[in-house]
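# Summary of structural features
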Amino acid sequence: MSCSRGFPSPYYLFARDQLPKLQQRGLPVARVADAIPHCAKDWALLTEEEKMAYNERAQKWKKKKSQKTKKEMPNLDHPAPGCLTTVVHRVTSFPDASAMPWKNDQAVVADIFYFLNIYSHGKLPSHCDQRFLPCEIGCVKYSLQDGIMADFHHFIDAEVPPRGFRYHCQTASDATHKIPISGFHLSRTCYPVVLRELLEFSQPDGGGWPRFFCRSDDRFRITWCLERMASVAGIESHLELLTVEDLVIKLYQKKYQKEPSKTWVCRELDAVLWDFSSNTRCKWHEENGILFCALASCKKIAYCISKSLAGVYGVPLTATHLPLQDCDSSGNRNINRVILDAGRFQKMKAESSRYDRYTVSPSQDQEHVPSSCEFEISPFIKGKVFKLNPIAAFSNFWIENMSVSDVKVI
């Protein structure tokens, strides 16, 4: 009953008419082929007159298509050259970071890398044309010699989710970066402006696209989002996207003439030491206590490479290589607080601004958060408010350079 030989059947036309209704019901149907199995019962309920109407539509479509094909039939006595219609199949291949042109250690130290990440409102099924909905982009300019030299960040004006997938996209966002699909009070940037400013950030002199690096697990998503934005904006992109893991392996191989294991490299890059460090996340994620931030993920890559490789190449660490400790004038660590339940924190914050409340006292603050679940902790995991079992939750964030003296239980 499907469309065979290019001519649609009456049932195919009926399924195409039912497609919007099925999508409104939340069924995973993105094309007519997906809707066909769900239309059998409704087709059986049609009257003979209604079925005859679809049959006439199919016959008219077939007749119109046959006449068009006959007009476009080539003249076999004078055939056209075959070279006039050439289909170029695009071959998508990821470049290899092993081809980095370094002559000596000084070239390695002075080389500039761009770490890039793009967040999306979830990941849609493979049968959807929109696999991702880019909503945030972060990038840092980095070198072993100078550390983080500059950063780039934008919230992206994402496309509308496909019908029936809005809840899926918002749920995925709430589980990670928590950027709302609609009703976001901060300004968002459209695709053409994002790509233009990214190019200006990476090549202020107007040169070509530089080499960008990302985590291997994020490579498909970032590549797809960049190609989607370039396609919608009508910009031809020649961006070269490499993996950070291969870069770190190459840097070690350049110095020691042997490769470290990729498992070890991934474990180093997965460090959570700087998850809550100051000036790591963007302002919105920092103020709302949200861990997932595109800019923060790029900065943490730079921190990990600095910690692991700066000493290898004899580069002294500075404030641009690693985040400074939160200290007061006497050198003592400041006690800060981060709310793990970011959604509840934003709700309380909105209610506070709505009724113009004054700052609550410590005793009133304990009415909102049980004292048994509240901790004041050093800047590595800055003052988390745990809603879980305090001992179990705290052990998950116990990391190097921590001691019992860093923790104070209220």
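Think of each chain on its own: its residues are numbered from 1, step by step along the sequence as written. With the structure being a predicted model, the display of local features is reserved for residues of pLDDT at least 70 and the display and counting of side-chain atom pairs for 80 or more, all residues being used for whole-chain, interface and lining totals. With hydrogens and water stripped out, all remaining heavy atoms of the structure feed into the side-chain values.

## Details of the sheet that holds strand β2 (residues 132-143)
- Criterion used throughout: strands pair if DSSP finds at least two bridges between them. Helix and strand definitions follow DSSP, with helices as H or I runs of at least four residues and strands as E runs of at least two, each counted in order from the N terminus. Spatial strand order, β3-β2-β1-β4-β5: five strands in an open sheet with mixed pairing. Two strands lie at the open edges of the sheet, namely β3 (147-155) and β5 (240-243), each paired on one side alone. Across the sheet, the axes of successive neighbouring strands diverge by a mean angle of 30 degrees, strand direction being ignored.
- Looking at chain direction, β2 and β3 are connected through eight bridges and run antiparallel. Residue pairing for β3: Tyr142 is matched across the bridge by Ile148.
- Any two residues whose heavy atoms approach within 4.5 Å are treated as being in contact. Every axis in this analysis is a line fitted to C-alpha atoms, fitted for helices over the stretch in contact. Angles between the N-to-C directions lie between 0 and 180 degrees. Relative to strand β1 (residues 113-123), helix α8 (residues 219-233) is tilted by about 85 degrees, and along the sheet it contacts β1, β2, β4 (211-214) and β5.
- Sheet strands touched by helix α12 (residues 294-309): β1, β2 and β3. Its angle to β2, the strand with the most contacts, is close to 30 degrees.

## Quick look at the side chain of Ser202
- If you trace the backbone, Ser202 turns up in helix α7 (residues 191-202).
- Apart from residues no more than four positions distant in its own chain, Ser202 is found in contact with Tyr114, Pro210 and Phe212.

## Overview of the packing of helix α9 (residues 244-256) against helix α10 (residues 262-269)
- Packing of α9 against α10 leaves a shortest axis separation of 10 Å and a crossing angle of 115 degrees. As judged from the angle between their axes, α9 and α10 are roughly perpendicular. Relative to α10, the crossing made by α9 is right-handed. Contacts from Val244, Glu245, Asp246, Val248, Ile249 and Tyr252 in α9 reach Lys262, Trp264, Val265, Cys266 and Leu269 in α10. Working rule for angles: under 35 degrees goes down as roughly parallel, over 145 as roughly antiparallel, 65 to 115 as roughly perpendicular, anything else as oblique. Crossings are classed by handedness, with left-handed meaning an anticlockwise turn of the near helix from the far one by less than a right angle and right-handed meaning a clockwise turn.

## A few points about the confidence of the model for the protein chain
- A residue-level look at the protein chain finds 67% of positions with pLDDT of 70 or above and a mean pLDDT of 75.
- Known as pLDDT, the predictor's confidence for each residue is given on a scale from 0 to 100. The low-confidence segment residues 357-388 (pLDDT under 50) makes 90 contacts with residues lying over four places distant or belonging to another chain.
- Considering only residues more than four positions removed or in separate chains, one finds that residues 403-410, a stretch of pLDDT under 50, has 22 contacts.

## Some thoughts on unusual backbone geometry
- Located in the positive-phi region is Lys178, a residue other than glycine, with phi close to 65 degrees.
- Mapped onto the secondary structure, Lys178 falls in the loop between α6 (166-174) and α7.
- Here the phi dihedral of Gln257 falls at roughly 60 degrees; this positive angle occurs in a residue that is not glycine.
- Among the secondary structure elements, Gln257 is positioned in the loop between α9 and α10.

## Section: the pattern of salt bridges
- One side-chain nitrogen of Lys or Arg within 4 Å of one carboxyl oxygen of Asp or Glu is enough to make a salt bridge. In total, this model carries eleven salt bridges according to the counting rule given.
- The partner of Arg215 in a salt bridge is Glu245, with the nearest N and O atoms 2.9 Å apart. Of this pair, Arg215 sits in the loop between β4 and α8 while Glu245 is found in helix α9, placing the two residues 30 residues apart along the sequence. There is no split in this pair, since Arg215 and Glu245 are both buried.
- For the salt bridge of Arg215 with Asp270, the shortest nitrogen-to-oxygen distance reads 3.0 Å. Exposure categories follow from relative accessible area, calculated using a 1.4 Å probe and restricted to protein chains: below 20% of the type maximum is buried, above 50% is exposed, and the middle band is partly exposed.

## A look at empty space enclosed by the protein
- With a 1 Å grid spanning the protein atoms alone, the term cavity applies to any set of points in which a 1.4 Å probe fits but cannot get out, the term pocket to an open set with protein on both sides within 12 Å along at least five of seven lines, and the term lining residue to any residue with an atom within 4 Å of a point. Grid points are joined across faces, edges and corners, and a volume is the space filled by probe spheres set on the points. For the structure on display, the rule yields one cavity of 30 Å³ or more.
- Its volume calculated, the largest cavity comes out at about 40 Å³.
- Around the largest cavity sit Val248, Trp264, Val265, Glu268, Leu269, Cys304, Ile305 and Ser308, which together line it.
- Put simply, the parts of the chain that give the lining of the largest cavity at least two residues each are α10 and α12.
- Ranked by residues supplied to the lining of the largest cavity, first place goes to α10 with four residues.

## Comments concerning the packing of aromatic side chains
- Ring pairs shown here join Phe, Tyr and Trp side chains whose ring centres sit within 6.5 Å, with only the six-membered ring taken for Trp; geometry is labelled stacked below 30 degrees between planes, edge-to-face above 60, and tilted in between. Within this structure, the stated rule accounts for 18 aromatic pairs.
- An angle of 80 degrees between the planes, with centres 5.4 Å apart, marks the rings of Tyr252 and Trp264 as edge-to-face. Highlighted residues: Tyr252 in helix α9 and Trp264 in helix α10, separated in sequence by twelve residues.
- Residue classification places Tyr252 among the buried positions, given a relative accessible area of 11%.
- A residue is classified by how much of its surface remains accessible, and Trp264, at 25% relative accessible area, is partly exposed.
- One aromatic cluster is present, built from ring pairs that chain together Tyr11, Phe14, Trp43 and Tyr54.

## With respect to the pairing of β2
- Extensive coverage of β2 is indicated by the burial of twelve of its twelve residues.
- Pairing of β1 with β2 involves nine bridges; the strand directions are antiparallel. Its bridge partner being in β2, Ser120 is matched across the sheet by Pro134.
- If you look at the hairpin formed by β2 and β3, you'll find three residues sitting between the two strands.

## A short note on the nonpolar core
- The definition of a nonpolar core used throughout is a set of buried Ala, Val, Leu, Ile, Met, Phe, Trp, Tyr and Cys residues joined through side-chain atoms within 4.5 Å. Formed by 45 residues in total, the largest nonpolar core has its most connected members in Phe115, Ile305, Leu309 and Tyr313.
- Elements supplying a minimum of two residues to this core: α5 (105-110), β1, β2, β3, α9, α10 and α12.
- Top contributing element to this core by residue count: α12, with ten residues.
- In this structure, Tyr313 is in contact with Asp105, Val108, Val109, Leu144, Leu251, Lys254 and Lys255, ignoring residues within four places of it in sequence.
- Residues Ile156, Tyr191, Val194 and Leu241 belong to the second largest nonpolar core, which totals 23 residues.

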